[in-house]
Amino acid sequence: MSQEKEPIGVIGVGWVGLVTAACFAEVGHRVVARDILPEKVEALSRGEITIHEPGLAELLARNAERLTFTTDMGELLEAASLLFVCVDTPPTVSGDADLSRVRSVVAELSAGGGHTLVMKSTVPAGTGHSIRRDLPGVPYVSCPEFLKEGSAVEDFMHPDRVVIGADAGDEASGDAVARLYEPLGGEIVRTDVASAEMIKLASNAFLATKISFVNEIANVCEEVGADVAEVARGMGLDQRIGPAFLRPGIGYGGSCFPKDVSALKMLAGNSGYHFQLLNAVIEVNELQKRRVVGKLQKHLGSLLGKRVALLGLAFKPHTDDMREASSLVLAARLEGEGAEVAAYDPVAGDIARGLLGGVEFRDSALEALDGADAAILVTEWPEFAELDWAAAAERMARPLLIDGRNFLDPSLLKGAGFEYEGIGRVVEGSVPAGTAD
Ligand SMILES: NC(=O)c1ccc[n+]([C@@H]2O[C@H](COP(=O)([O-])OP(=O)(O)OC[C@H]3O[C@@H](n4cnc5c(N)ncnc54)[C@H](O)[C@@H]3O)[C@@H](O)[C@H]2O)c1
């Protein structure tokens, strides 16, 4: 391992902050990480990991000597001059980004302290300018984060690109941040603060748009008897389009896309521009989560008293993050139709229990499927591909599966005795919706 390098401060130890702290420690930096939640700081100080993220526990354990967790801002300010702000920026009731946590960090800093603020939290374009106005003399760098939960460590250590925004006068601080990222590889994009802020919002909004687009294509495929997997494959080979994010499902969720799309729409509106496309992206996503209920009703009629099993609850596999997970809307809709809902998730069960009051939680997929009239695959956890589906069919009252992620092999499921329906997928023997009697 390389010798000790410049110490780094991390403010906010959630998904982004903890991964940032662990990865910079892995590269050889001493890191002091501060959070306002004492229980989180105590757990991390005891070596207990607070989130489920592949590879993170090992990284934290391996670099424990270089990592300090604290609630004390003074300790952090004393230890490091580069301060990475990783606090949450959730949506407000108005749909704008809530910057109160960012503001409270700024309020704890003072000019002339020799610190540089490096903003990793996702903030609306213009935020950096206003912080610079409020904190003259404190260099400010925008360094938005692009990691994906479920592969956050890998993404941080091998970034596609690193965006570093610094305005006139703060170039040296931008250089200092760029030096930190050099060992990780990936193209470094040097730009101004407002453009860096926009790159982050525009990237997430574009990815969400791609998802809503392919979801609509899938819905049309169902009407006309086309197979969206074939359509996406044929589209994705066009280099102008590319294959990524062309997989339909039951809508995007998570802590970033919904709030960032909304924040960009509001930012545009507040600035006098009506961002029409994003309205459709948001609406398509909301409706997509609900279409699954219609699919169930097509097979089962009324859902009153029917038992439905949800396989997977987290918004994506390899994480226990339940923020804006499609399962939350789905469970509420099913309960609204009078269904009994049973659920299983390999890691998100404990967190989900607190959010899904009426749902029965089970310790395995097979147990969740016991006596069910239908199952919905909500999260594409690899273990669901390995499940003994013939045994599952035996345990269910009616072996009907709606594959909300087009994750399973339809012929395997049919061979196991299932009625199978995916999203925009042609399954042998099925009739296109538009041509059905
Ligand atoms: N989660 C992701 O996948 C991801 C990816 C890219 C960017 N982002 C952005 O990064 C930011 C952080 O996201 P997250 O998912 O890590 O959030 P998170 O909610 O998991 O973590 C935020 C942490 O900040 C702490 N905090 C709040 N106020 C604080 C303060 N004044 N001082 C110290 N700590 C404070 C909270 O207690 C919490 O532990 C957000 O702006 C988000 O949009 C997130």
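Residues numbered from 1 in each chain as written. Predicted model: local features only at pLDDT ≥ 70, side-chain atom pairs only at ≥ 80, totals over all residues. Heavy atoms only, no water.

1. Quick word on the overall build of the protein
Alright, step 1. Along its length, the protein carries 18 helices and 14 strands.
Alright, step 2. Since a compact globule built from 437 residues should have a radius of gyration of about 22 Å, the 23 Å found for the protein is in line with a globular shape.
Alright, step 3. With respect to the principal axes defined by its C-alpha atoms, the protein has extents near 75 × 50 × 40 Å.
Alright, step 4. Long-range pairs, those at least 24 residues apart, make up 73% of the contacts in the protein with a sequence separation of at least 6.
Alright, step 5. Per element, the accessible surface of the protein, about 18,700 Å² overall, is 53% carbon and sulfur.
Alright, step 6. Charged side chains in the protein number 40 positive and 64 negative. The centres of these two groups are separated by 3 Å. (Helix = DSSP H or I, 4+ residues; strand = E, 2+ residues; numbered from the N terminus. Rg over C-alpha atoms; globule rule 2.2 N^0.38 Å. Contact = heavy atoms within 4.5 Å. Areas by Shrake-Rupley, 256 points an atom, 1.4 Å probe, with all protein chains shown as cover. Lys, Arg positive; Asp, Glu negative; His and termini not counted. Charge placed at Lys NZ, Arg CZ, Asp CG, Glu CD.)

2. Remarks on the pattern of salt bridges
Alright, step 1. The full count for this structure, using the stated rule, is 29 salt bridges.
Alright, step 2. The closest approach of N and O atoms between Glu-230 and Arg-233, which form a salt bridge, is 3.1 Å. On the criterion of helical spacing, the pair formed by Glu-230 and Arg-233 is a turn pair, its members being three residues apart in helix H10 (residues 228-236).
Alright, step 3. The shortest N-O distance in the salt bridge between Glu-360 and Arg-307 comes to 2.8 Å. Note that Glu-360 is positioned in strand E11 (residues 360-361) and Arg-307 in strand E9 (residues 307-311), a separation of 53 residues in sequence.
Alright, step 4. Because the salt bridges share partners, they merge into one network encompassing Glu-222, Arg-291, Lys-295, Lys-298 and Glu-421. (Salt bridge = Lys/Arg side-chain N within 4 Å of Asp/Glu carboxyl O.)

3. Overview of the sheet that holds strand E7 (residues 161-166)
Alright, step 1. Spatial strand order, E3-E2-E1-E4-E5-E6-E7-E8: eight strands in an open sheet with mixed pairing. Across the chains shown, the open sheet's two edge strands, defined by having one partner strand only, are strand E3 (67-70) and strand E8 (187-191). Taken over all neighbouring pairs, the strand axes of this sheet differ in orientation by 25° on average, direction set aside.
Alright, step 2. Bridging between strand E2 (residues 29-34) and E3 involves four bridges; their strand directions are parallel. The residue bridging Val-32 from the neighbouring strand is Thr-68, located in E3. (Pairing = 2+ DSSP bridges. Axes fitted to C-alpha atoms, helices over the stretch in contact; angles between N-to-C directions.)

4. Some points on the sheet that holds strand E13 (residues 400-403)
Alright, step 1. With parallel pairing, the six strands of this open sheet are ordered in space as E11-E10-E9-E12-E13-E14. Two strands lie at the open edges of the sheet, namely E11 and strand E14 (419-421), each paired on one side alone.
Alright, step 2. Sheet strands in contact with helix H12 (residues 276-300) are E9, strand E12 (374-377), E13 and E14, and its direction is about 160° off that of E13.
Alright, step 3. With respect to the sheet, helix H13 (residues 326-336) is in contact with E9, strand E10 (340-344) and E12, its orientation differing from that of E9 by roughly 180°.

5. Digging into the nonpolar core
Alright, step 1. With 40 residues, the main nonpolar core has Phe-69, Phe-84, Val-177 and Tyr-181 as its most contacted residues.
Alright, step 2. By residue number, the principal contributor to this core is helix H1 (residues 15-27), which donates nine residues.
Alright, step 3. If sequence neighbours within four positions are ignored, Phe-84 has contacts with Ile-8, Gly-9, Val-10, Ile-11, Thr-20, Phe-24, Val-118, Lys-120, Val-177, Leu-180 and Tyr-181.
Alright, step 4. One finds Ala-218, Leu-300, Met-322 and Ile-376 within the second-largest nonpolar core, a separate group that totals 37 residues. (Core = buried A, V, L, I, M, F, W, Y, C linked by side-chain atoms within 4.5 Å. Buried < 20%, exposed > 50% of the residue type's maximum accessible area, 1.4 Å probe, protein only.)

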